[in-house]
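What the coordinates show
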Amino acid sequence: MEAVITTSSPPSPLREFWQGFSSNRGALAALIVFALLALAALLAPWVAPHDPVQQFRDHMLQAPVWSEGGTWEFMLGTDELGRDMLSRLLHGGRVSLGIGLVSVLLSLLPGVILGLLAAFYQHSLAPAIMRVMDVMLALPGLLLAICVIAVLGPGLINTVIAIAIGALPGYTRLTRAAALAEIGRDYVTASRVAGAGTFRLMFSAVLPNCMAPLIVNATLSFSSAILETAGLGFLGLGVQAPMAEWGTMLSSARDYMERASWVVTLPGITILLSVLAVNLMGDGLRDALDPKLRRVS
Amino acid sequence: MFGFLLRKLATLAPTLLGITLVAFGLIRLVPGDPIEVMMGERGMDEAAHAEMAHRLGLDQPLYKQYFDYVGNLLHGDLGQSLVSHLPVSEEFKALFPATVELAFFALVLAVSLGLTLGMLAALKRGSLLDQGVMGTATVGYSMPVFWWGLILIMFFSVQLGWTPISGRISVEYEVDRVTGFMLIDSLLSGGPGAFASSVLHLLLPGIVLGTSTMAVVARMTRSSMLEVLREDYIRTARAKGLSQARIVVVHALRNALIPVLTVVGMQTGSLLAGAVLTETIFSWPGIGKWLIDSIARRDYPVVQAGILISALTFIGVNLVVDILYGVVNPRIRSQH
């Protein structure tokens with residue numbers, strides 16, 4: 001008999017993560033839906049059948065192709081100015097998802113740095129940083145964003161800034177809490193004793209071990225950024241007409257909802273679908289990245 | 001308990017200070033000359049400009065302006081609206097009950113439904129009901145408030161004609177203002193017809209505002225309940241032969257409620273933010289709509305007050321939740 005020697009190595013972290021994530025059917029489906037939405041938004045200038053701001057005066061409030069009076073030329077119908085709904089939705093995706101992505105990055109980076117500073121300088125910097133965050137947290141996300149808009153005025157760039165500022169305290173608190181839990185560990189002490197400077201300790205020892213909750217939070221704040229962008233647009237405080245944005249589309253559509261339900265339903269379903277996909281992905285990420293955070297299910 | 005309260009209040013002091021600084025700085029941060037911004041005209045007459053600056057105290061040093069502002073706040077003086085020329089505090093008093101009424105109704109709806117559904121889902125874990133509740137909760141949590149409002153209006157108000165589209169009560173009822181809460185005032189002076197009308201007006205906005213909170217409460221109740229049901233004391237209770245109902249209500253629910261309470265506290269923030277959108281859709285005359293309208297009108301004293309009031313309300317509610325938390329869970333009180 002020949003002895004069979006099997007060597008078993010632990011699965012790579014990435015592989016382990018993927019196994020965890022893909023075992024969650026909802027998250028996997030959400031990933032596919034989101035990838036399609038993102039792709040459609042990315043390719044909008046090439047796949048959109050019409051210019052999103054071009055007004056077809058002979059086709060105002062034309063119904064989508066599946067209802068009476070619809071044509072293939074305007075598959076999802078047109079709005080009150082005769083603009084093609086499909087093209088506007090596609091281009092709107094660029095704006096909404098783009099704002100979401102940029103505002104997440106703009107709040108993640110300073111948030112992580114402030115959180116690390118607060119964790120490493122517990123007596124000098126932390127009180128000041130955390131008190132400022134407390135003040136910012138006293139206004140719930142959308143209201144803080146509205147407050148920023150009240151000062152800066154509406155517009156695309158200001159929407160990004162407003163949403164990023166609104167999400168900042170969450171990252172700072174989260175990073176600080178995660179970093180504080182790591183700082184006391186042996187590996188940090190060892191690296192400190194070995195002569196690593198504070199900067200190196202922060203970014204190469206502690207930060208990589210705080211990534212799991214940060215990634216989950218980034219996903220969730222991405223979905224609330226989509227909602228807030230649309231909310232600000234709806235209130236007339238966000239992206240301004242004629243630029244296509246999902247929330248702005250809804251606010252101009254509400255006067256026509258009795259006659260042309262599609263001008264209201266379609267942008268809303270698009271928003272709901274993207275937020276839902278991102279939230280489900282977030283649930284999947286949380287379960288796959290951090291078994292400690294896994295909710296009982 | 002008293003010491004616990006004092007400690008809580010002490011930690012709030014810097015936050016309150018910061019909030020007044022933010023509200024104070026708001027007008028001064030707007031690009032451009034504050035007086036021209038407020039008056040909405042450019043190239044004002046020199047003398048008129050100086051007079052206006054003097055009247056608003058803007059010719060004083062900044063620190064003095066701030067102290068005056070805080071001093072006025074402590075006297076309940078929130079400044080004067082640039083549009084209506086009424087004291088901001090007066091407008092606030094007229095509108096605040098409407099927001100409280102809406103938020104309270106939404107909260108009651110969200111908590112009662114969310115708790116029930118979450119509990120049922122936990123007890124029937126893995127069943128069709130569980131999956132349905134959790135699926136609905138995930139959708140509810142992702143729902144854009146303003147779109148949800150439009151859809152409900154389209155269906156219930158326009159198609160079926162069951163509910164009114166906007167406002168707090170039908171115009172045919174004349175209701176004297178006693179408390180500012182329409183549900184109470186309509187009963188006091190309008191009779192049952194007026195009361196029914198005010199309930200109908202409250203229904204859709206309440207559902208819209210409460211949806212995401214309900215979803216969060218349902219999810220939290222379910223997971224908290226599942227955790228508690230695995231505890232030893234539940235097994236002991238079962239072994240003692242207690243009925244299922246008694247175990248669930250008396251033993252499990254009380255302990256499962258603690259994390260749910262925290263979530264409810266955090267949700268009041270999203271209720272306030274949601275109120276801005278909900279009130280705009282349903283033309284509900286409350287603080288949220290007031291704030292948005294005054295941003296559009298560049299009525300900065302009102303914006304300033306609206307932000308301040310929202311923040312104070314949020315802080316106040318969280319304080320109450322913290323205190324309740326200490327009451328429910330004595331371990332919290334002795335910590336720190």
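This is a predicted model, so every value here is computed, not measured.

Secondary structure summary: chain A contains twelve helices and zero strands in total. Secondary structure elements of chain A occur, N-terminal to C-terminal, as α-α-α-α-α-α-α-α-α-α-α-α. Projecting the C-alpha coordinates of chain A onto the three principal axes gives extents of approximately 75 × 70 × 35 Å. With 297 residues in all, chain A has 46% of them scored as buried. Considering only intrachain contacts with a sequence separation of at least 6, the fraction spanning at least 24 residues in chain A is 68%.

What follows is about the interface of chain A and chain B. Facing the 37 residues of chain A at the interface are 39 residues of chain B. Where the side of chain A that touches chain B is concerned, the elements lending two or more residues are α5 (126-137), α6 (141-152), α10 (211-234) and α12 (262-289) of chain A. Take the side of chain A that touches chain B: its biggest share by element is eight residues, from α12 of chain A. Of the residues in the side of chain A that touches chain B, the class split is 25 nonpolar, seven polar and five charged.

It is worth spelling out the confidence of the model for chain A at this point. Averaged over every residue, the pLDDT of chain A is 85; the share at 70 or more is 95%. Taken element by element, chain A is modelled with least confidence in helix α1 (residues 13-22) of chain A, mean pLDDT 80, and with most confidence in helix α4 (residues 85-120) of chain A, mean pLDDT 92.

Relative to the 40 Å expected for 28 residues at 1.5 Å per residue, α12 of chain A spans 40 Å between its end C-alpha atoms, a close match to the ideal helical length. For α12 of chain A, a buried count of 23 out of 28 residues is recorded, marking the element as mostly surrounded by other parts of the structure.

Our next topic: the confidence of the model for chain B. With 95% of its residues at a pLDDT of 70 or more, chain B shows a mean pLDDT of 83. Scoring of the predicted complex yields 0.86 for pTM and 0.84 for ipTM.

Reading the values: rules and limits
- The residue numbers shown here count from 1 along each chain, following its written sequence.
- Written order decides the labels, with chains lettered from A and ligands numbered from 1.
- Residue-level local features of this predicted model are given only where pLDDT is at least 70; pairs of side-chain atoms are given and counted only at 80 or more, and the full residue set underlies all totals for whole chains, interfaces and linings.
- Helix and strand definitions here come from DSSP, where helices need a minimum of 4 consecutive H or I residues and strands a minimum of 2 consecutive E residues; each element is numbered from the N-terminal end.
- Any residue whose C-beta has 12 or fewer other C-beta atoms within 10 Å is treated as exposed, any with 20 or more as buried, and any in between as partly exposed, C-beta atoms being built from the backbone.
- By the convention adopted here, residues are in contact when the distance between their C-beta atoms, placed from the backbone, does not exceed 7 Å.
- Just so you know the grouping, Ala, Val, Leu, Ile, Met, Phe, Trp, Tyr, Cys and Pro go in nonpolar, Asp, Glu, Lys and Arg go in charged, and all remaining residues, Gly too, go in polar.
- By definition, pLDDT measures how confident the predictor is in each residue, and it falls between 0 and 100.
- What a helix is expected to span follows from its residue count: subtract one and scale by 1.5 Å.

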